[in-house]
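The residues making up each chain are set out below.
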Amino acid sequence: MTQIDFDPVFSAAVRNELDARVSAPSSTVPFWRRHLRLGAGILAGASILIGGAAAATGLLTMPGTQDVTELGASVVKTATGTDTVQLGAVPDGATGVFVSLTCLTPGTFTFEDGASIGCTMDDVGQATGGGRYTLTLSPGQQSITITTPPESSWTIAATYVSERTTEWAVNDNGETYGALNEGGEPDLIAVIATNGNDGFIHAGELAQADGSEQAATFTSPEQALAWQDSMAGKTVSVPVYQNDGETRVGGFTIQY
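Here goes a summary of the coordinates provided. Note that the structure is a prediction, hence the values are computed from the model and not measured. (Residues numbered from 1 in each chain as written. Predicted model: local features only at pLDDT ≥ 70, side-chain atom pairs only at ≥ 80, totals over all residues. Heavy atoms only, no water.)

## Overview of the overall build of the protein chain
So, point 1. Within the protein chain, the regular secondary structure consists of six helices and 18 strands.
So, point 2. Burial status across the protein chain gives 44% buried among its 256 residues.
So, point 3. Sequence separation of at least 24 residues holds for 66% of the intrachain contacts in the protein chain that already meet a minimum separation of 6.
So, point 4. For the protein chain, the accessible area works out to roughly 12600 Å², and carbon and sulfur atoms hold 52% of it. (Helix = DSSP H or I, 4+ residues; strand = E, 2+ residues; numbered from the N terminus. Buried < 20%, exposed > 50% of the residue type's maximum accessible area, 1.4 Å probe, protein only. Contact = heavy atoms within 4.5 Å. Areas by Shrake-Rupley, 256 points an atom, 1.4 Å probe, with all protein chains shown as cover.)

Shown next as structure tokens:
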């Protein structure tokens, strides 16, 4: 479940987002910002698949995900507290470092770009006790640092990789389908429905349900917050289809 809490910080983010919308053409607004959930919505058991994340979870055949090639052997390290892992010389063609982190104790383990993996006591010793993440390489970077409290222990396997974003597929209706990625969004966006089924949601229906379509018409923060107040307590469900965009396999529910 993904949740954005509505608080003063979020209100400020809404205002900043609107300022950006008013001053920039819609085509220049990145896709991940177009899907700002102004209503502090909860995706009730559903999730949108982002290209890199979908690849990390093993959905490598999904169009629009990352085609990942490992370059060399993994470097394995176990540590307690904040520590740096030396990776060695960067192979030709490397674009990132694929990291598989296992939590040995509860804690939050943060990468240099701010991404983090959190574990509770229930996660320790379980197959799901950790996570996988690809960190984009900075020029000259040959190490990664994991930041965590002094008492938190972890193990990682880190491997240089080369990533390439795959093309979206096209169905018989001429609609593109696949995962969101840095290139934008296809006509049919890959999601995991509330019932757990994999499928696709029409981009236009998602934009209407999550507030992106409405936000494009707002000219002031007050309009955005008024819309947000009008949606409080409501539930919106959008159909999820197979890649033909017609055969329904579930629903994508947003609770405001």
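## Quick look at the pattern of salt bridges
So, point 1. Enumeration according to the criterion identifies two salt bridges in this entry.
So, point 2. The residue R164 makes a salt bridge to D67 at a minimum N-O spacing of 3.2 Å. Taken as a pair, R164 in strand β12 (residues 153-165) and D67 in strand β4 (residues 66-70) lie far apart in primary sequence, 97 residues in all.
So, point 3. Take R164: its relative accessible area is 48%, and that puts it in the partly exposed class.
So, point 4. Between K77 and D83 there is a salt bridge whose closest N-O contact spans 3.3 Å.
So, point 5. Owing to a relative accessible area of 26%, D83 belongs among the partly exposed residues under this scheme. (Salt bridge = Lys/Arg side-chain N within 4 Å of Asp/Glu carboxyl O.)

## Structural notes on the state of the cysteines
So, point 1. Enumeration according to the criterion identifies one disulfide in this entry.
So, point 2. One disulfide bridge connects C103 with C119, the sulfur atoms lying 1.9 Å from each other. What sets the handedness of the C103 and C119 disulfide is the S-S torsion sign, and at about 60° it is right-handed. Remark: C119 occurs in strand β9 (residues 116-119) and C103 occurs in strand β7 (residues 96-103); sequence separation between them is 16 residues. Across the pair, exposure class does not vary: C103 and C119 are buried alike. (Disulfide = S-S within 2.5 Å.)

## Considerations on the packing of aromatic side chains
So, point 1. Inspection of every chain in the model, using the stated rule, returns two aromatic pairs.
So, point 2. Ring geometry for F111 and Y133: centres 4.9 Å apart, planes at 35°, overall tilted. In this pair, F111 sits in the loop between β8 (107-110) and β9 while Y133 sits in strand β10 (residues 130-136), placing the two residues 22 residues apart along the sequence.
So, point 3. With a relative accessible area of 24%, Y133 lands in the partly exposed category.
So, point 4. Each ring, one from Y177 and one from F200, has its centre 5.2 Å from the other, and the planes form 75°; the classification is edge-to-face. Remark: F200 occurs in strand β16 (residues 198-202) and Y177 occurs in strand β14 (residues 176-178); sequence separation between them is 23 residues.
So, point 5. The exposure class of Y177 is buried, given its relative accessible area of 13%. (Phe/Tyr/Trp six-rings, centres within 6.5 Å; stacked < 30°, edge-to-face > 60°.)

## Concerning the pairing of strand β18 (residues 248-255)
In summary, the side chains of a regular strand alternate between the two faces of the sheet.
So, point 1. Bridge count for strand β17 (residues 235-241) against β18 is seven bridges, and the pairing is antiparallel. Within β18, the residue paired with T235 across the bridge is Q255.
So, point 2. In this structure, the hairpin formed by β17 and β18 is closed by a connection of six residues, where G245 is found at a positive phi of approximately 75°. (Pairing = 2+ DSSP bridges.)

## Remarks on the side chain of S152
So, point 1. As for its placement among the helices and strands, S152 is situated in the loop between β11 (143-146) and β12.
So, point 2. At 3.3 Å, the side chain of S152 forms a polar contact with the backbone oxygen of P106. (Polar contact = N/O pair within 3.5 Å; in protein donor to acceptor, adjacent residues only side chain to side chain.)

## Here we look at helix α6 (residues 221-231)
So, point 1. Taken residue by residue, α6 has P221, A224, L225, W227, Q228 and M231 as its buried positions. Buried residues of α6, seen end-on, are gathered within an arc of 155° and therefore sit on one face of the element. Exposed residues pointing more than 90 degrees away from the buried face of α6 are listed as E222 and D229.
So, point 2. One or two residues past the end of α6 sits G233, with phi positive at roughly 85°. (Arc of directions from axis to C-beta.)

## Quick look at helix α4 (residues 203-210)
So, point 1. Buried within α4 we find A203, L206, A207, A209 and D210. All buried residues of α4 fall inside an arc of 170° around its axis, so they share one side.
So, point 2. Remark: G211 follows α4 within two positions and exhibits a positive phi of approximately 100°.

## Quick look at the nonpolar core
So, point 1. L101, I144, W154 and I156 are the most contacted members of the largest nonpolar core, which has 20 residues in total.
So, point 2. Only β7, β9, β11 and β12 provide two or more residues apiece to this core.
So, point 3. In this view, I144 contacts D83, T84, V85, L87, V99, E112, L135, I156 and A158; residues no more than four positions away in its chain are not counted.
So, point 4. Judged by nonpolar contacts, the second largest core, of 18 residues, contains V191, A215, M231 and V240. (Core = buried A, V, L, I, M, F, W, Y, C linked by side-chain atoms within 4.5 Å.)

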